Amino acid sequence: MTKLLKILGNFALILIEISLILIISFAFLIRTSYFQTFLAKQGAQYLSETIDSKVSIGKVDITFLDRVYFDKFYVEDQHNDTLIYIDEFFVNFNLAGALSLNFHIDEVGAKDARFALKKYKGEEDFNLQFVLDAFLSDTTESATPDFKINIYEANFSNAHFSLEDENEEITP
């Protein structure tokens, strides 16, 4: 009987040891840019399927849970034209108020970005509307937002925004 208890005890200790090794390995793995990029690409694929349009992302790097960096973010509209392209994007944030849903973004920045808002000929909505519609709630309640976002500094370099309405007549 004691031999069986000894074997079961050793087996339980081995299981605990393997579990701890896996948890520690995962903690180190999730901090690597390669793994973060892999997860972001999976998220981009899910978003692409949700909005039924091409979404891609390059590299992702999250450091110390207060800085997010990614590059080569691309979203196509329903006419296979560029809706959003950001070559480099970063966010520095403070997690102090996150539990109370009061988010503080210390700095946000984008480099070499393009946002093309366009209303195509014969359509009523702009090309961004399909993205908004994909995330619409079924309820029609108008409630106040449950969270607050404060942005203290925004830096954009070589960023272009275009607004085009092909339904409007151009008068000379």
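Residues numbered from 1 in each chain as written. Predicted model: local features only at pLDDT ≥ 70, side-chain atom pairs only at ≥ 80, totals over all residues. Heavy atoms only, no water.

**Concerning the side chain of Asp-71**
Going by this rule: The numbering of helices and of strands both runs from the N terminus, where a helix is a DSSP run of H or I of at least 4 residues and a strand a run of E of at least 2. Accessible area is worked out with a 1.4 Å probe on protein chains only. A residue is then buried under 20% of its type maximum, exposed over 50%, and partly exposed in between. Under the convention used here, Asp and Glu are negative, Lys and Arg are positive, and both His and the chain ends fall outside the count. When a carboxyl oxygen of Asp or Glu lies within 4 Å of a side-chain nitrogen of Lys or Arg, that pair is called a salt bridge. Throughout, a residue-residue contact means that at least one pair of heavy atoms, one from each residue, lies within 4.5 Å.
Among the structural elements, Asp-71 can be located in strand S3 (residues 67-76). Lys-72 is the oppositely charged side chain nearest to the buried, salt-bridge-free Asp-71, at an N-O distance of 4.6 Å. Sequence-distant contacts of Asp-71, that is, excluding residues within four places in its chain, are made with Ile-57, Gly-58, Lys-59, Ile-86, Asp-87 and Glu-88.

**Description of helix H2 (residues 33-51)**
Threshold: Take the residue count of a helix, subtract one, and multiply by 1.5 Å to get its expected span.
In this model H2 runs 26 Å from its N-terminal to its C-terminal C-alpha over 19 residues, within 8% of the 27 Å that 1.5 Å per residue would give. Every buried residue of H2 is listed here: Phe-35, Gln-36, Thr-37, Ala-40, Ala-44, Ser-48 and Ile-51. For H2, the elements touching its buried residues are helix H1 (2-29), strand S1 (55-56), strand S2 (60-63), S3 and helix H3 (129-134). Immediately downstream of H2, the backbone of Asp-52 shows phi near 55°, a positive value.

**With respect to the pattern of salt bridges**
Across all of its chains, the model carries 4 salt bridges by this definition. Of the charged contacts in the structure, one is a salt bridge between Lys-119 and Asp-165, with a shortest N-O distance of 4.0 Å. Within this pair, whereas Lys-119 is found in strand S5 (residues 102-119), its partner Asp-165 is found in strand S7 (residues 154-165), the two being separated by 46 residues in sequence. For Lys-119, a relative accessible area of 16% puts it in the buried group. Taken together, the shared-partner salt bridges connect Lys-118, Glu-164 and Glu-166 into one network.

**Thoughts on the packing of aromatic side chains**
Operational definition: Here the aromatic set is Phe, Tyr and Trp, taking the six-membered ring for Trp, and pairing holds for ring centres within 6.5 Å; pairs whose planes are under 30 degrees apart are stacked, those over 60 apart are edge-to-face, and all others are tilted. A ring has a charge above it when a Lys NZ or an Arg CZ is no more than 6 Å from the ring centre and no more than 35 degrees off the ring normal.
The final tally for this structure, using the stated rule, is 5 aromatic pairs. Between Phe-70 and Phe-73 the ring centres are 5.6 Å apart and the planes differ by 70°, which places this aromatic pair in the edge-to-face class. There is no split in this pair, since Phe-70 and Phe-73 are both buried. Note on Phe-70 and Phe-89: the rings are 4.9 Å apart at their centroids and 35° apart in plane angle, and the pair reads as tilted. On the criterion of sequence distance, the pair formed by Phe-70 in strand S3 and Phe-89 in strand S4 (residues 82-94) is long-range, its members being 19 residues apart. Per residue, the accessibility class of Phe-70 equals that of Phe-89, and both read buried. Put simply, the rings of Phe-26, Phe-35 and Phe-38 touch in pairs and so form one group of aromatic residues. The side chain of Lys-119 reaches across the aromatic face of Phe-126, ending 4.8 Å from its centre.

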